[in-house]
Amino acid sequence: MGSVARIILQRLVLGLLTLLVVSIVIFTAVNMLPGDFAQAILGQGATPEAVDAIRKDLGLDQPLVVRYFDWLAGALRGDMGSSFAQANFASFVGAEAGERVTVLDQIAPRFSNTMFLATVTAAIAVPISLFLGVLAALYRNSVFDRAANIFTLTSISSPEFFLAYILILFLAVLNPVLPSLSNIFEGMTFADRLEKTLLPALTLTLVVTAHMMRMTRAAIINLLASPYIEMARLKGISPMRVIVRHALPNALAPIINVVALNLAYLITGVVVIEVVFVYPGIGQLFVDSVKIRDIPVVQACCLIFAAAYILLNLMADILSILSNPRLRHPK
Amino acid sequence: MADRDILVKVRNLYLEGRSDETWIPIINGASFDLRRGEVLGLIGESGAGKSTLGLAAMGFTRDGVRITSGKVLFDGVDLINASAAVKRELLGRRIAYVAQSAAASFNPAHKLIDQHTEAPVQHRVSSRIDSERDAMELYEKLRLPDPEHIGFRYPHQVSGGQLQRAMTAMAMSCRPDLIIFDEPTTALDVTTQIEVLASIRDIVSQFDTAAIYITHDLAVVAQMADRIKVMLKGDEVEESDTRTMLASPTQDYTKSLWAVRSFQRPQKPPPPAGAVPVVSVKNVTAAYGRVKVLHDITFDIHAGRTVAVVGESGSGKSTAARVITGLLPPLEGVVEFEGEPMPGDYRKRTKMQLRQAQMIYQMADTALNPRKTIGEIIGRPVEFYMGLKGQEKRERVKELLREIELEPDQFIDRLPSELSGGQKQRVGIARALAAEPKFIICDEVTSALDQLVAEGILRLLAKLQDELGLSYMFITHDLATVRSIADEVVVMKDGRVVEQGPKTEMFRPPHHPYTDLLLSSVPEMDPDWLTNLLAERGVDNIGDAAVGNM
Amino acid sequence: MIFESPYDNVFGDLIEAFGVFAVILAVLALFTFAGFLLRGIGSAFDSRGETFDEMPLFLASLLAVLIVASLTLLWSAFIGGRDTLRFLILLIAAIAAFGWLFRWAGQRLTNNAPRFRDMPYGVSFGYVLAAVVLIWSVWFYFQPVVTEQGTPRASVVFFRWAIQGLLIAAVLGTGFKELGKRVGPGWSRKLFRTMPLTASFGILVIIAYAIVAIFAPLIAPYGQEQVLGAANVVPGGNPALGGNPEFPLGTDQIGRDILSRLIYGAQNTVGIAFATTLLAFFIGASLGFLAATLGGWLDQLVSRAVDVLMAIPSLIFALLLMTIASVWAPRLGIPLTVFMVVIIAVIDSTRVYRLARAVGLNIVVMDYIEAAKLRGEGLTYLIFKEILPNATAPLLAEFGLRFCFVFLTIAALSFLGVGIQPPLADWGTMVRDMAAFINFAPFAPQAAITPLLAAGAIALLTVAVNFVVDWMLHKSSGLKE
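Per chain, residues are indexed from 1 in the order of the written sequence. By the order in which they are written, chains take letters starting at A while ligands take numbers starting at 1. Where totals are concerned, whole chains, interfaces and linings use all residues; where local detail is concerned, this predicted model gives features only for residues with pLDDT of at least 70, and gives and counts side-chain atom pairs only at 80 or more. The basis for every side-chain value is the complete set of non-hydrogen atoms in the structure, without hydrogens or water.

1. Section: the overall build of chain B
Note on conventions: DSSP H or I runs of at least 4 residues are helices, E runs of at least 2 residues are strands, and numbering of each starts at the N terminus. What chain B contains, in helices and strands, is 23 helices and 20 strands. Atoms considered for the radius of gyration are the C-alpha atoms alone. The globule rule reads 2.2 Å times the number of residues to the power 0.38. The globule rule puts the C-alpha radius of gyration for 550 residues at 24 Å, and the 26 Å found for chain B is close to it. Taken along the three principal axes of its C-alpha coordinates, chain B extends 70 × 55 × 45 Å. The burial tally for chain B puts 56% of its 550 residues in the buried class. Burial classes: relative accessible area under 20% of the type maximum marks a residue as buried, over 50% as exposed, and values in between as partly exposed (1.4 Å probe, protein chains only).

Structure, rendered in structure tokens:
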């Protein structure tokens, strides 16, 4: 087996292991709640018999370890359990009272909405930030670079909701170009959906682009200072070719890392943005569930966020291993 | 040579470099002519501006450097006022560059041959196929192993000396009129260096290429250059043809450079029979993890003597020092101090044992805590071992500063960053002396310093030895240093002691073949040395090739 | 819609039929294939330059994407009849032409001076673009604030405020820098001389916030929980526009003075964030340095634990733990804010640990540490006398960044309703409570500004800290060269 394959396998196993430990952490954290789920589901006025019945039904009379493995096995099959919304807030999700609402029912549509938002953001942000980052690195210390530095620092350090409201003010309220509320529903056309998603996507783009651009700039400047770039220039190679042929192949690893890191950041950033724009994504579901303490949903959302985060980092890791000539062509 | 036409004409060139928002001069009015086929040696210590001048002769300045006035004419083209496009047309095609570190100057993402053919193809000098064939021929001329295939490797798959030759081949790819060699062998071991030198000299004369050869090593430049130009802190010192320059330098600075290599202290008589050595390394085997790096090492260091441990990089000489200090406990064997075995791990040694063996490091920059004043650095061992405090401690520190020839009141409250390299190294010596040890390990203490400064350090160490009766273990790769200061020599290779004995014996035949090779690979000031050596040993029996034959 | 694409229905139908992911994958594959084709065609036509020959596939695909995108835009503008888009495209084309003209004129007028001779086209395009933006800004700034019908032109009003804000910031920064250059001890004067304007502005803002936070009860005209009768007073203090000079920034829905709440918010929000950062640093830095110096099992144990904690996105983890804490807090009688401080400190200490350990490891390999170890020095001496003094610069910079991060996390939690609890005045909560005002912007710009004031107060501080940290990092990296 080649050394690259071995390293990648190692990373994969490590990633899976991390995910497993994270699931334990999440499960334990949730079980640190006082009282138990059965009481929470039925509310304070429930009879002890009813509580016992539900407890048995949900397997809450089992020891913690058994419950963890049940939960994990369920999660692997895609069954995250039932939402508390069943008892308390059934009308909230449009279900009949008493009807069983599974966590999956709640999460699935939201998840694809969030992925749509993230994809649109990435599609706008990645090319723009790479382009601007390379440009800033090439003309470093110029007026353009300094202005870009101030602008990106400002948008990185501002809270997401500040940027969101500024964009709403200018693009939705003062010049009604885009809708300020993202009313997404089944069966809308692609263009319609895109239009509704554009404002949250632009806000996220603003934050992520700033990050990515700065990191790309730093990576490229670092690279341009290396002796082999000077050597290429001393060979009389055109500036364009120096960038494309000599800098880019070596910049791949850092750039992949930058992109992955920021896509992972999108996951956290998306929570606040979804709340501002009332975008029906998983982040909003998460915040709502936190407020009504719908524990199974919180738990599942957490696991999904963590899994996406770990997966992205893992992918970046593997891609940058693959782009390293030292590892691809061992001695 | 004098009848050929002038290729490069540099007149009154002034360059400045930026530091903290202000511009400070780097080169103050350099002028020289270079004729076709001629090799000019640029020599000077660090900070002399020789690399900057070499690059300026290509019409190139690094970031943060600018040409303020002067002229650079290359074959009639004014390089300073030429447009970027005109300069690009010349660079790579008619002017080429060979950098100091080939490992860093080859692009890690592309094969050697793809980088080789880039300039000819981009400059439309030849097609890719022709250029590839030419590359293989050049590789063969430069005596690279397996010239047909070596080009298809990536830079990290090829050794340092081979990369340096591949880079020379790359510079030759368009058959330029001029090549700038910027310290091409500085980072290499002596046995590797000699092969590279021989190849470069050969190919430059074969293609009748003019060259500027930049180096700080006099003996190297004596082999390579037709003419030598000496630089000091951006100023020209003198310039004349190589033989004249070596035989009769006119300027004081040049003379002092030439005199450096003459310092030699007399060898001490052998220790009396039955004397207990200060430090005795007995049958030591040591390993990093599972990789054994020392195999059954044995040597003694007697009171008041200097033992030089010589070897190339990777020979295990620094590891031996780590075993003696206790940083790397040995797998087998023992280190004795005055006949008493010491624990292998420094953490198990007594304060007394730790005090008796001190160390001076190669890089004074990393050996002194940048946040502490000189007084604190030297004062700490005084306080720690001797228990002196307050005024007593300060007096002792001043005394130590006087011993290392630094003015106490001027230096005691300074930070390391306010000192020059040589002064920092002296503070390192004072810190070792503060423990009042019997034995000091000097790990390549002079290799990061300029030759004049290094000589001062060697003289100081010799003086201290005479005054205090210290024993030194002197780790070095530089045989000139061995000649000037050692009493006994231990030659190491691949973690084994190859040969050991008194210095006078070591420098007189018969030697172990490796010692012989090591000794014969050190360039000498004689301009005919390389020619004679090649005639004597043959091109295939020098340097690493000879190691392979052993 | 500003934009209409010829693919609208095609995509809609496809997505309906195959789902979003299948379509995305198919599009990606299509573009990769297009890139492949493009490269092939290119290299067939360009036999010498090898520009296409050695082009990586992803670049070629990107090129294909660009071509398709620009064709779509052109279609939408000229055939689809999108006037705004057509105007934009024509504008860019005009700027492109002027860019070429500018360089050409420059070369002619200066007799081919190196500045114009070696100027890439992109740079001259940039100059013309910047000039156009500048001219437009000046023109827009001097537009009348009120239309002929008497309705306010809110866009102009907000634009003027933004420009005035920038100018005030620049003036304050310059003034503070000039002051610093002249007053104070030698070292600080020297520091101010080399400082960029952004950093001096940042320092000024940080000092101002610190003063406001510490002396909040003295500065604020009213108490933070004081209900003053008049609700929803518009900021600006102009009675004609619904303001009241007694409440220069107006009052909120239940009649509390917004200025006072903003001032108290400095104390609450900044104070809590500062305490949290200190705690995070105490935990993270001490563990980090211990791990770096001792190594071995302690290092392994803590590092793996930190890996796991860092594998959960921090805001998500904080929200999860806050849910649990919100149940425990009333039972234990401990304020939820205390839980929040501890939770965020622990989550953030993992980042501090990483940095402290990395910085520590860099220092531990230095020869002076080896010398100290061989001297027989103990662990306390090593950490406090040898390592820590050399780690202050990166740690200080990290403190600034961490503070921003903690501050933003707390603001986000409060904004989401699970952070600092009322009735304490807090900026994040204020933004959430007053967010709806933003819709009044077209007819009452003064009223719409209230939620932005609180959000701006958060942004201003984090931006200021980041400006200073950026300068510090730049300075320390510059010294290495």
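Here the narrative resumes, following the displayed structure.
2. A few points about a positive patch on the surface
Residue and element names in this part refer to chain C. Residues with no salt bridge and a relative accessible area higher than 30% make up the patches, which join like charges within 9 Å and nonpolar side chains (Val, Leu, Ile, Met, Phe, Trp, Tyr) within 5 Å. Values of accessible area rely on a 1.4 Å probe in the Shrake-Rupley scheme; residue burial ignores everything except the protein chains shown. What counts as a salt bridge is simple: a side-chain nitrogen of Lys or Arg found within 4 Å of a carboxyl oxygen of Asp or Glu. Counted as positive: Lys and Arg. Counted as negative: Asp and Glu, with His and the chain ends omitted from the count. For the purpose of locating charges, the reference atoms are NZ of Lys, CZ of Arg, CG of Asp and CD of Glu. A cluster of basic side chains, namely Arg 189, Lys 190, Arg 193 and Lys 475, defines a positive patch on the protein surface. Ranked by the residues each element gives to the positive patch, the list is headed by helix H8 (residues 186-194), at three residues. Of note, Lys 190 is situated in helix H8. With relative accessibility at 56%, the residue Lys 190 sits in the exposed group.

3. Structural notes on the side chain of Thr209(B)
Among the structural elements, Thr209(B) can be located in the loop between helix H7 (190-206) and strand E8 (210-215). The contact criterion used throughout is that any non-hydrogen atoms of two residues lie within 4.5 Å. Every residue in contact with Thr209(B), bar those within four places of it in the chain, is listed here: Gly37(B), Glu38(B), Met172(B), Pro176(B), Asp177(B), Leu178(B), Ile179(B) and Val204(B).

4. Focus: the interface of chain A and chain C
Across the boundary between the two partners, chain A contributes 61 residues, which contact 60 residues of chain C. Across the chain A to chain C interface the summed buried area is about 5,400 Å²; carbon plus sulfur atoms make up 80%. Here chain A and chain C share one salt bridge between them. As a salt-bridge pair, Arg214(A) and Asp470(C) come within 3.1 Å of each other at their nearest N and O atoms. Whenever a nitrogen or oxygen atom comes within 3.5 Å of another N or O atom, the pair is scored as a polar contact, on the condition that within protein one atom can donate a hydrogen and the other can accept it, and that pairs from neighbouring residues in sequence are kept only if both atoms are in side chains. Put simply, chain A and chain C have four residue pairs in polar contact (both at pLDDT 80 or more) between them. Contributing elements (two or more residues each) for the side of chain A that touches chain C: helix H1 (3-31), helix H5 (103-138), helix H6 (143-157), helix H7 (160-174), helix H8 (190-224), helix H10 (239-276), helix H11 (282-292) and helix H12 (295-322) of chain A. With 11 residues, the single largest contributor to the side of chain A that touches chain C is H10(A). Joining two parts hides part of their accessible area as seen by a 1.4 Å probe, and the buried area is that hidden amount summed over both.

5. Thoughts on helix H17 (residues 421-434) of chain B
What a helix is expected to span follows from its residue count: subtract one and scale by 1.5 Å. With 14 residues, H17(B) ought to run about 20 Å at 1.5 Å a step, and its terminal C-alpha atoms sit 20 Å apart, in line with that. Remark: Glu436(B) follows H17(B) within two positions and exhibits a positive phi of approximately 50°.

6. Some words on the state of the cysteines
Two cysteine sulfur atoms form a disulfide, by the criterion used here, when they sit within 2.5 Å. This structure, assessed with the given rule, holds zero disulfides over all chains. Cys301(A) supplies the cysteine sulfur nearest to Cys302(A), a cysteine that is in no disulfide, at a spacing of 7.9 Å.

7. Side note on the packing of aromatic side chains
Pairing of aromatic rings covers Phe, Tyr and the six-membered ring of Trp, with a centre-to-centre limit of 6.5 Å; geometry is then stacked below 30 degrees between planes, edge-to-face above 60, and tilted otherwise. Overall, the coordinates contain 24 aromatic pairs over all chains when judged by the stated rule. Here the aromatic rings of Phe161(A) and Phe415(C) are separated by 4.5 Å at their centres, their planes lie at 15°, and the arrangement is stacked. Taken as a pair, Phe161(A) in helix H7 and Phe415(C) in helix H16 (residues 379-416) lie in two separate chains rather than in one. We note that Phe161(A), like Phe415(C), is buried.

8. A word on the sheet that holds E8(B)
Residue and element names in this part refer to chain B. Strand order in this open sheet of six strands is E6-E7-E8-E3-E9-E10, and the pairing throughout is mixed. Two strands lie at the open edges of the sheet, namely strand E6 (95-98) and strand E10 (235-241), each paired on one side alone. Pairs of neighbouring strands in the sheet enclose a mean axial angle of 15°, with direction left out of account. Note: two strands are recorded as paired if DSSP finds a minimum of 2 bridges between them. Alignment of strand E3 (residues 39-43) against E8, held across five bridges, turns out to be parallel. Across the sheet, the residue bridging to Leu 40 is Ile 212, located in E8. Interaxial angle, 0 to 180 degrees, is taken between N-to-C directions of lines fitted to C-alpha atoms, where a helix line uses only the stretch in contact.

9. Description of the interface of chain C and chain B
Between chain C and chain B, the contact holds 21 residues from the first and 28 residues from the second. Summed over both sides, the interface of chain C with chain B buries roughly 2,300 Å², with 50% coming from carbon and sulfur. Broken down residue by residue, the surface that chain C buries against chain B is led by Asp367(C), Leu374(C) and Arg375(C), which jointly contribute 29%. If you look at where chain C meets chain B, you find three salt bridges. Of the charged contacts in the structure, one is a salt bridge between Arg380(B) and Glu377(C), with a shortest N-O distance of 2.6 Å. Between the two partners, chain C and chain B, sit 13 residue pairs in polar contact (both at pLDDT 80 or more). Of all the elements, helix H15 (residues 367-375) of chain C adds the most residues to the side of chain C that touches chain B, at seven residues.

10. Quick look at helix H22 (residues 529-537) of chain B
Residue and element names in this part refer to chain B. Every buried residue of H22 is listed here: Trp 529, Leu 530, Leu 533 and Leu 534. Angular distribution of buried residues about the axis of H22 spans 130°; they occupy a single face of the element. Opposite the packed face of H22, turned more than 90 degrees from it, sit the exposed residues Ala 535 and Glu 536. Against H7, helix H8 (218-224) and helix H21 (513-521) lie the buried residues of H22. Just beyond H22, the residue with positive phi is Gly 538, at close to 85°. Summarising the geometry, the arc corresponds to the directions from the helix axis toward the C-beta atoms.

11. What to know about the pattern of salt bridges
One side chain can pair with another of opposite charge once the charged atoms of both are near each other. Within the structure shown, the criterion is met by 52 salt bridges over all chains. Two residues, Arg354(C) and Asp307(C), come together in a salt bridge whose shortest N-O distance is 2.4 Å. You can see Arg354(C) sitting in helix H14 (residues 336-364) and its partner Asp307(C) sitting in helix H12 (residues 296-310), a full 47 residues away along the chain. Two residues, Asp348(C) and Arg402(C), come together in a salt bridge whose shortest N-O distance is 2.7 Å. Residue Asp348(C) is located in helix H14, and its partner Arg402(C) is located in helix H16; the two are separated by 54 residues in the primary sequence. The exposure classification of Asp348(C) matches that of Arg402(C), with both residues buried. Each member of the salt-bridge network shares a partner with another, and the members are Asp5(B), Arg36(B), Asp75(B), Arg94(B) and Asp177(B).

12. Points about the packing of helix H7 (residues 154-182) of chain C against H8(C)
All names here are of chain C. Contact geometry of H7 with H8 gives a least axis separation of 7 Å together with a crossing angle of 145°. Seen from above, H7 lies across H8 with left-handed handedness. Residues Phe 176, Lys 177, Gly 180, Lys 181 and Arg 182 of H7 lie in contact with H8, whose contacting residues are Ser 188, Arg 189, Phe 192 and Arg 193. By the definition used in this description, the sense in which the near helix is turned from the far one sets the handedness, with an anticlockwise turn below a right angle giving left-handed and a clockwise turn giving right-handed.

13. Observations concerning the environment of Ile179(B)
Residue and element names in this part refer to chain B. Inspection of the secondary structure puts Ile 179 in strand E7 (residues 178-182). Among the residues examined, Ile 179 registers a relative accessible area of 0% and is labelled buried. Sequence-wise, Ile 179 and Thr 168 are 11 residues apart; in three dimensions their C-alpha atoms are separated by 9.0 Å. Among all residues touching Ile 179, those that are not within four sequence positions of it are Ala 96, Val 98, Ala 171, Met 172, Thr 209, Ala 210, Ala 211 and Ile 212.

14. Details of the sheet that holds strand E5 (residues 77-78) of chain B
Residues and elements named next belong to chain B. The antiparallel open sheet is built from four strands, whose spatial order is E2-E1-E4-E5. The open sheet has two edge strands, strand E2 (22-35) and E5, and neither has a second partner. Across 11 bridges, the pairing between strand E1 (residues 6-19) and E2 is antiparallel. The residue of E2 that forms the bridge with Val 8 is Leu 34.

15. Describing the domain arrangement of chain B
All names here are of chain B. Segmentation of the chain into domains, including their bounds, is taken from an automatic or database domain assignment. Examined at the domain level, chain B breaks down into domain 1 (3-258) and domain 2 (301-329 + 340-508). Between the C-alpha centres of domain 1 and domain 2 the distance comes to 37 Å. Residue-level contacts link 11 residues of domain 1 with five residues of domain 2. When the two sides are added together, the surface that domain 1 and domain 2 hide from each other amounts to roughly 710 Å², 39% of it contributed by carbon and sulfur. Put simply, domain 1 and domain 2 have zero salt bridges between them. Summed over the shared surface of domain 1 and domain 2, the result is one residue pair in polar contact (both at pLDDT 80 or more). Listing elements by their share of the side of domain 1 that touches domain 2, those giving two or more residues are H7 and helix H10 (252-259). With three residues, the top contributor of residues to the side of domain 1 that touches domain 2 is H10. In this count, Pro and Cys sit with the nonpolar residues alongside Ala, Val, Leu, Ile, Met, Phe, Trp and Tyr, while Asp, Glu, Lys and Arg are called charged and the others, Gly among them, polar. Looking at side-chain class alone, the side of domain 1 that touches domain 2 contains four nonpolar, four polar and three charged residues.

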